[in-house]
Amino acid sequence: MKKLLVSLFLLLPLMALADEKNEQAAEQQSGSIRSKLHFDINYNLDMGLAQTLEGKTFNRNDYTMWGDAFRAAVRYDVTPRLSAGVGIGSSSCTEPSFNTYPVYATLQYKPFKNKERIFAYADLGYSVKFSSDSYAGFTGGIGMGYRWKLGIKSTINLTVGYDLKDFRGVDMYTVDENYQRHHYTTNSIRHSLSIGVGVTF
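1. Quick word on the overall build of the chain
No. 1: Helix and strand content of the chain: 3 helices and 10 strands.
No. 2: Going from the N terminus to the C terminus, the chain shows its helices and strands as α-α-α-β-β-β-β-β-β-β-β-β-β.
No. 3: Of all 201 residues assigned to the chain, the portion counted as buried reaches 38%.
No. 4: Here the contacts in the chain between residues at least 6 apart in sequence split such that 59% fall between residues at least 24 apart.
No. 5: Total accessible area computed for the chain in this model is approximately 11,400 Å², and 61% of it derives from carbon and sulfur atoms.

Take a look at the structure:
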């Protein structure tokens, strides 16, 4: 799934570049750098669908696997239909509990020329371990969104997509016949349906 996310992340700019010749006139009429800059603040509710740990896969019958995330990003319009940027965030997963602090690259692409409120998005990054209760690891997501305009640049955005989180260095232990604990670390991956709401200005 990681390779698929990376492939889709790279596919969005290629799709936009394919339309570049057809949009040269629009680019020439584009405004200042400030008009091409966008600031996003998003909240996502993640419903875990499955999680793998030590070769076993758990689903919502085993754990509730809820989670939420706050993210902030800045994007720049590379073309009239493609924007790229970077962001940071904070994510908390429950049942079982994992905290992450991702740093990520983000892309947004408008696939329909006559329906600019609809967009596709892709995020790709890595979570940084800040404390003993947080985890490092790959993070990514892809999905579709719809925006409602509030002003010239301000919008409210609703997104639905797939989210992947890779937790590295999860603490585990075994108990031997003498009731002694033996600690070790392993990795875990969670797959989630992510529903988000945010603002862009």
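2. What about the confidence of the model for the chain?
No. 1: Summarising the model, the chain shows a mean pLDDT of 87, and 89% of its residues fall at 70 or more.
No. 2: Low pLDDT, under 50, characterises residues 24-29; the predicted model gives this stretch 4 contacts beyond four residues in sequence or across chains.

3. A word on the pattern of salt bridges
No. 1: Here the structure, examined in full by the defined rule, presents 6 salt bridges.
No. 2: Between aspartate 40 and arginine 75 there is a salt bridge, with its nearest N and O atoms 2.5 Å apart. Taken together, the positions of aspartate 40 in strand S1 (residues 37-53) and arginine 75 in strand S3 (residues 66-77) put the pair 35 residues apart, joining distant regions of the chain.
No. 3: Its relative accessible area of 4% is what places arginine 75 among the buried residues.

4. Things to note about empty space enclosed by the protein
No. 1: A complete count under the given rule lists 2 cavities of 30 Å³ or more for this structure.
No. 2: If you add up the space inside the largest cavity, you get close to 330 Å³.
No. 3: Lining the largest cavity are 27 residues; nearest its centre among them are Asn42, Asn44, Tyr121, Asp123 and Thr159.
No. 4: Counting residues per element, the ones that place at least two in the lining of the largest cavity are S1, S3, strand S6 (102-109), strand S7 (118-127), strand S8 (137-149), strand S9 (155-175) and strand S10 (181-200).
No. 5: When grouped by side-chain class, the residues that make up the lining of the largest cavity number 9 nonpolar, 12 polar and 6 charged.

5. Re the packing of aromatic side chains
No. 1: According to the stated counting rule, one finds 8 aromatic pairs in the structure shown.
No. 2: Between tyrosine 135 and phenylalanine 167 the ring centres are 6.3 Å apart and the planes differ by 70°, which places this aromatic pair in the edge-to-face class. With a gap of 32 residues between them, tyrosine 135 in the loop between S7 and S8 and phenylalanine 167 in strand S9 connect regions that are remote in the sequence.
No. 3: Their ring planes at 65° and their centres at 4.8 Å tell us that tyrosine 146 and tryptophan 148 sit as a pair that is edge-to-face.
No. 4: Residue classification places tryptophan 148 among the partly exposed positions, given a relative accessible area of 39%.
No. 5: Through a chain of ring-to-ring contacts, three or more aromatic side chains come together here, namely Phe98, Tyr135 and Phe167.
No. 6: Here the basic side chain of arginine 60 rests over the ring of tryptophan 66, its NZ or CZ set 4.7 Å away from the ring centre.

6. Points about unusual backbone geometry
No. 1: Each neighbour pair has its own omega, and for glutamate 95 with proline 96 the value is -5°, a cis peptide bond.
No. 2: Structurally, proline 96 can be placed in the loop between strand S4 (82-93) and strand S5 (98-100).
No. 3: In the Ramachandran plot, methionine 65 falls in the positive-phi region, its phi being about 55° despite a non-glycine side chain.
No. 4: Take methionine 65: it is sitting in the loop between strand S2 (56-59) and S3.
No. 5: Residue methionine 65 is classed as buried on the basis of its relative accessible area, which comes to 0%.
No. 6: Backbone geometry places tyrosine 179, a non-glycine residue, at a positive phi of 60°.
No. 7: Considering the arrangement of structural elements, one finds tyrosine 179 in the loop between S9 and S10.
No. 8: Taking relative accessible area as the criterion, tyrosine 179 reaches 72% and is therefore assigned exposed.

Basis of the calculations
Residues numbered from 1 in each chain as written. Predicted model: local features only at pLDDT ≥ 70, side-chain atom pairs only at ≥ 80, totals over all residues. Heavy atoms only, no water. Helix = DSSP H or I, 4+ residues; strand = E, 2+ residues; numbered from the N terminus. Buried < 20%, exposed > 50% of the residue type's maximum accessible area, 1.4 Å probe, protein only. Contact = heavy atoms within 4.5 Å. Areas by Shrake-Rupley, 256 points an atom, 1.4 Å probe, with all protein chains shown as cover. pLDDT = per-residue confidence, 0-100. Salt bridge = Lys/Arg side-chain N within 4 Å of Asp/Glu carboxyl O. 1 Å grid on protein atoms, 1.4 Å probe; cavity = no way out; pocket = protein on both sides within 12 Å on 5 of 7 lines; lining within 4 Å. Points joined across faces, edges and corners; volume = space filled by probe spheres on them. Nonpolar A, V, L, I, M, F, W, Y, C, P; charged D, E, K, R; others polar. Phe/Tyr/Trp six-rings, centres within 6.5 Å; stacked < 30°, edge-to-face > 60°. Lys NZ or Arg CZ within 6 Å of the ring centre and 35° of its normal.

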